[in-house]
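# Coordinates in review
Residues per chain are reported as follows:
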Protein chains: 2
Amino acid sequence: MTTPPATTTLTQLAAGLADQAVNIVDLTNTLSASTPTLRLPEPFSNLDDFSLQNVARFDEAGPMWAHNNFSQGEHVGTHIDAPIHWISGRDGKDVAQIEPERLVGPAVGLDFSTESAQDPDFLIEVEHIQAWVAEHGPLPENGWLLFRTGWDQYAHDQAAFLNADATGSHTPGFSAECSRWLAEETTISGIGVETVGIDQGNAAELDPPFPMHYHLLGNDKYGITSLQNLAKLPTRGAVIIVSPLPIVGGTASPCRVFALVEGA
Amino acid sequence: MTTPPATTTLTQLAAGLADQAVNIVDLTNTLSASTPTLRLPEPFSNLDDFSLQNVARFDEAGPMWAHNNFSQGEHVGTHIDAPIHWISGRDGKDVAQIEPERLVGPAVGLDFSTESAQDPDFLIEVEHIQAWVAEHGPLPENGWLLFRTGWDQYAHDQAAFLNADATGSHTPGFSAECSRWLAEETTISGIGVETVGIDQGNAAELDPPFPMHYHLLGNDKYGITSLQNLAKLPTRGAVIIVSPLPIVGGTASPCRVFALVEGA
Ligand SMILES: [Mn+2]
Ligand SMILES: [Mn+2]
């Protein structure tokens, strides 16, 4: 019996990327002035939308180059919330302090698009997660739960994305108990959603208000919002790379999110 | 003879990350008001430094949360230059259009820290790359060349990082011919450096001026600047993930750059 050739994990990964045995799915929404953003009611303050400001473009200020400034809220576009964003995590990590080992790891996909299409106020409960575990196996240690709701279909339309009326914003989320359970009784690194925030649109009315923010960020776990293309992920087996900018003192950062998936 | 268990590339990667057979090296400088930036002479226009502006912090504007706006030049901090940054690539891709398949791939480390310490105006020549290839094997197809110069030791000190005097800025870079050769005669995805730009400090005096910008961006290859921790990478065998924000119309973007390396 011969020993198989010593192919390392990373030479195999590089070879897989080259021959498309491993493919990359981009889970990130693009950044422009029309990227949809959260709209908080008075008296709360809102963040700035994304803005690109040209400084030079093949002119006297830059004869051979073009370059721009940009500005935005930390929580605009596909982004990750850090513990210091929330009152429960205010003594915790800023976005630059989240360890890379928490940002790169296994990801599983949980599909609640049918329920969310039937009821835009749908709340994911502990029982839904437990049913998923019974069917698909344990939640990934130090990994990510990515919740598909189909909401990424609205990500280029501010009004549809927020789905607001006189009774508030109607987008799916998590019950308070499910938020607490995921934060306190699992060993995940965090959760990702397709909606504008990690809580339901009307989560100010839950107890505690915004329970996923409260529990997740208070337990050194992290949340990613405005993800795209979750429908292209397998239920199990993806590895994701979450890449916030290391903003010192940042409560969040826009981030690129790539998923590595096995090829067809 | 038994078939070995069907371990896929990605299950092996996830297991390696969990047991530290695969480690993550963060190649990114942090973003703050003191992140060192390029300073162009008159009449050229400079970009804004990084700035974080608080909007709410556990107060009336945000009783349960803190959040901020931020602003910066696209070319501030660890960042990637896209083809439309330069006159030679102005009809090419913006930073959002660079395919993920070009941003994730094999990386090799080339060490010119000794030469750069002896001569801060050191120019890397084709012969240096060819000598590296003779010793270490071919350049990685669709991969990244990461040039260590030791310059990351100055990355928290604006004056030392730019190393400017009456005769200009003295930081290492590439000859015009080496820039052309890498851009036209190799199949790399791009190059990464530790200095503030992908060209030498005084590259305005080369022919063409800023030859790495001119050739690389004109040939749909990309350049990353202000990298850190290249000393922690192996000569061969790393996989890097370059994660610019998908800024529509962006000539560059600050980006997180992670390298996956085999554990000790
Ligand atoms: Mn947020
Ligand atoms: Mn640049």
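In this text the structure is predicted, and so the values were computed from the model without any measurement.

Procedures and definitions
For every chain, the first residue of the written sequence is number 1, and numbering continues from 1 along that sequence. As they are written, the chains are lettered A onward and the ligands numbered 1 onward, keeping that order. A pLDDT threshold of at least 70 governs which residues receive local features in this predicted model, and a stricter bar of 80 or more applies before side-chain atom pairs are shown or counted, although totals over entire chains, interfaces and linings include all residues. Excluded from the side-chain calculations are hydrogens and water; all other atoms, namely the structure's heavy atoms, are used. Strands here mean DSSP runs of E at least two residues long; helices mean DSSP runs of H or I at least four residues long; both are numbered from the N terminus. We compute the radius of gyration over the C-alpha atoms and compare it with the globule rule, which gives 2.2 Å times the number of residues raised to the power 0.38. Burial classification: accessible surface area is computed with a 1.4 Å probe over protein chains only, and a residue below 20% of its type maximum counts as buried, one above 50% as exposed, and the rest as partly exposed. Two residues form a contact once any of their heavy atoms are found within 4.5 Å. For the purpose of counting charges, residues Lys and Arg are taken to be positive, whereas Asp and Glu are taken to be negative. His and the chain ends are not included. A single reference atom marks each charge: NZ on Lys, CZ on Arg, CG on Asp, CD on Glu. Confidence scores labelled pLDDT are given residue by residue by the predictor and lie between 0 and 100. Here, a salt bridge means any Lys or Arg side-chain nitrogen found within 4 Å of an Asp or Glu carboxyl oxygen. Counted as coordinating are nitrogen, oxygen and sulfur atoms within 2.8 Å of the metal, or 3.2 Å for Na, K and Ca, while water is not included, which may make sites look incomplete. Here the quantity called buried area is the accessible surface, traced with a 1.4 Å probe, that two parts lose on coming together, added over both. Pairs of N or O atoms within 3.5 Å make up the polar contacts considered here, provided that, within protein, one atom can donate a hydrogen while the other can accept it, and that residues adjacent in sequence are counted only when both atoms are side-chain atoms. Any two strands with at least two DSSP bridges between them are considered paired. Every angle, taken between N-to-C directions, lies between 0 and 180 degrees, and every axis is a line fitted to C-alpha atoms, over only the stretch in contact when it is a helix.

### A closer look at the overall build of chain A
- What chain A contains, in helices and strands, is 7 helices and 14 strands.
- For 264 residues, the compact-globule formula gives about 18 Å, and the C-alpha radius of gyration of chain A, at 20 Å, lands near that figure.
- By its C-alpha atoms, chain A is 75 × 60 × 40 Å across when sized along the principal axes.
- Taking all 264 residues of chain A together, 58% fall into the buried category.
- Taking contacts inside chain A between residues at least 6 apart in sequence as the whole, the part at least 24 apart equals 72%.
- Treating the 11 positive side-chain charges of chain A as one cloud and the 33 negative ones as another, the clouds have centres 5 Å apart.

### Brief notes about the confidence of the model for chain A
- Looking at chain A as a whole, its pLDDT mean stands at 96, while 97% of the residues score no less than 70.
- Under a pLDDT of 50 for its full length, residues 1–5 of chain A has, in the predicted model, 0 contacts with residues more than four places off or in other chains.

### Brief notes about the pattern of salt bridges
Residues and elements named next belong to chain A.
- Within this structure, the stated rule accounts for 18 salt bridges over all chains.
- The residue Lys93 makes a salt bridge to Asp220 at a minimum N-O spacing of 2.8 Å. Taken together, the positions of Lys93 in the loop between strand S4 (79–81) and helix H2 (100–103) and Asp220 in the loop between helix H7 (211–218) and strand S12 (222–225) put the pair 127 residues apart, joining distant regions of the chain.
- Exposure remark for Lys93: the relative accessible area of 17% places this residue in the buried category.
- The salt bridge partner of Asp220 is Arg102, with a shortest N-O separation of 3.2 Å. Taken together, the residues Asp220 in the loop between H7 and S12 and Arg102 in helix H2 connect sequence positions 118 residues apart.
- The class for Asp220 is partly exposed, based on a relative accessible area of 26%.
- Here Arg102 falls in the buried class, since its relative accessible area comes to 16%.
- Through salt bridges that share partners, Lys93, Glu99, Arg102 and Asp220 make up one connected network.

### Comments concerning the coordination of the manganese ion (ligand 2)
- The protein atoms that coordinate the manganese ion (ligand 2) are B:His75 (ND1), B:His79 (NE2) and B:Asp81 (OD), at distances of 2.1 to 2.3 Å.
- One chain supplies every donor for the manganese ion (ligand 2), spaced along it as H-x3-H-x1-D.

### Topic: the coordination of the manganese ion (ligand 1)
All names here are of chain A.
- The manganese ion (ligand 1) binds to the protein through His75 (ND1), His79 (NE2) and Asp81 (OD), with metal-donor distances spanning 2.1 to 2.3 Å.
- Counting along the primary sequence, the residues that act as donors to the manganese ion (ligand 1) give the motif H-x3-H-x1-D. The same class applies to His79 and to Asp81, which are both buried.

### Focus on the interface of chain B and chain A
- Counting residues at the interface gives 77 residues for chain B and 78 residues for chain A.
- Per-residue buried area on chain B facing chain A is highest for B:Leu10, B:Phe70 and B:Arg256; these three make up 11% of the total on that side.
- On the surface where chain B and chain A come into contact, there are 0 salt bridges.
- On the surface where chain B and chain A come into contact, there are 29 residue pairs in polar contact (both at pLDDT 80 or more).
- Secondary structure elements with two or more residues in the side of chain B that touches chain A: helix H1 (9–18), strand S1 (22–26), strand S2 (51–59), strand S3 (62–73), helix H2 (100–103), strand S5 (104–111), strand S13 (238–244) and strand S14 (252–262) of chain B.
- Among the elements that make up the side of chain B that touches chain A, the one with the highest residue count is S3(B) (11 residues).
- Taken together, the 5 bridges between strand S3 (residues 62–73) of chain A and S3(B) define a ladder with antiparallel strand orientation. Within S3(B), the position partnered with A:Phe70 by the bridge is B:Gln72.

### A few points about the sheet that holds S2(B)
- Strand order in the open sheet formed by 4 strands is S2(A)-S3(A)-S3(B)-S2(B), and the pairing between neighbours is antiparallel. Either end of the sheet is taken by a strand with one partner, and the two such strands are strand S2 (51–59) of chain A together with S2 of chain B. Strand after strand, the sheet turns through a mean of 5° between neighbouring axes, direction not considered.

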